[in-house]
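# Commentary on secondary and tertiary structure
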Amino acid sequence: MFFFTTAVVIAVGIYLTGFKNVHWFLYVPVAALLFAGLTGICPGMLLWKKLGFKD
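Residues numbered from 1 in each chain as written. Predicted model: local features only at pLDDT ≥ 70, side-chain atom pairs only at ≥ 80, totals over all residues. Heavy atoms only, no water.

## Here's the deal with the overall build of the protein chain
Spelled out, the test is: Strands here are runs of E lasting at least two residues and helices are runs of H or I lasting at least four, both read from the DSSP assignment and numbered beginning at the N terminus. We compute the radius of gyration from the C-alpha atoms alone; for a globule the expected value is 2.2 Å times N to the 0.38, where N is the number of residues. Whether a residue is buried, partly exposed or exposed follows from its accessible area with a 1.4 Å probe, protein chains only, as a fraction of its type maximum: under 20%, in between, or over 50%, in that order. Accessible areas in this description were obtained via Shrake-Rupley with a 1.4 Å probe; residue shielding takes into account the shown protein chains only.
Of regular secondary structure, the protein chain possesses three helices and zero strands. Walking the protein chain from its N terminus toward its C terminus, one meets helices and strands in the order α-α-α. Against the compact-globule benchmark of 10 Å for 55 residues, the protein chain has a radius of gyration of 13 Å, which places it well outside the compact range. The 55 residues of the protein chain split such that 13% are buried. Counting only carbon and sulfur atoms, one obtains 75% of the accessible surface of the protein chain, whose full area is about 4600 Å².

## As for the confidence of the model for the protein chain
Inclusion rule: A residue's pLDDT is the confidence the predictor assigns to it, expressed on a 0 to 100 scale.
Residue-level pLDDT values for the protein chain average 93, and 98% of them are 70 or greater. Element-level pLDDT for the protein chain is lowest in helix α3 (residues 43–50), with a mean of 91, against a maximum mean of 95 in helix α2 (residues 27–39).

## Concerning the nonpolar core
Our working rule: Remark: nonpolar core denotes a set of buried residues (Ala, Val, Leu, Ile, Met, Phe, Trp, Tyr, Cys) joined through side-chain atoms within 4.5 Å. Residues count as neighbours in contact if any of their non-hydrogen atoms are within 4.5 Å of one another.
Ala7, Ile14, Val22, Val30 and Leu33 form the largest nonpolar core, which has five residues in total. Mapped onto this core, the elements with two or more residues apiece are α1 (2–17) and α2. Excluding anything up to four places from it in sequence, Leu33 contacts Phe3, Thr6, Ala7 and Ile10.

## Some points on the environment of His23
This is how it is decided: A 3.5 Å cut-off defines polar contacts: any pair of N or O atoms within that distance qualifies, except that in protein one atom must be a possible hydrogen donor and the other a possible acceptor, and neighbouring residues in sequence count only when both atoms are side-chain atoms.
Looking at the element boundaries, His23 is found in the loop between α1 and α2. Since its relative accessible area comes to 52%, His23 is described here as exposed. Polar side-chain contacts of His23 include one of 3.1 Å to the backbone nitrogen of Phe25.

## Here we look at the packing of α1 against α2
Operational definition: The axes used here are C-alpha line fits, helices contributing only the stretch in contact, and every angle between their N-to-C directions lies in the interval 0 to 180 degrees. Angle categories are assigned with fixed cut-offs, so that under 35 degrees is roughly parallel, over 145 is roughly antiparallel, 65 to 115 is roughly perpendicular, and the rest are oblique. By definition, turning the near helix anticlockwise from the far helix through less than a right angle yields a left-handed crossing, and turning it clockwise yields a right-handed one.
At a minimum axis distance of 8 Å, the contact between α1 and α2 shows a crossing angle of 155°. One element, α1, and the other, α2, form an angle in the roughly antiparallel class. Our pair here, α1 against α2, has a crossing hand that is left-handed. When α1 is examined against α2, the residues Phe3, Phe4, Thr6, Ala7, Ile10, Ala11 and Ile14 are found in contact with a partner set consisting of Tyr27, Pro29, Val30, Leu33, Leu34, Ala36, Gly37 and Leu38.

If you want it as structure tokens, here you go:
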């Protein structure tokens, strides 16, 4: 639920700002968080592990 809540908050911010006004990169965290919430696989954690950081 944490991933879904964060994704919804960012999506509401995009909506309130206006879809035409926000940069396309702001949609990346929303998509990643929704993916993580649905599958249980966190893309951010995978990225940090590939960069050599420990969890």
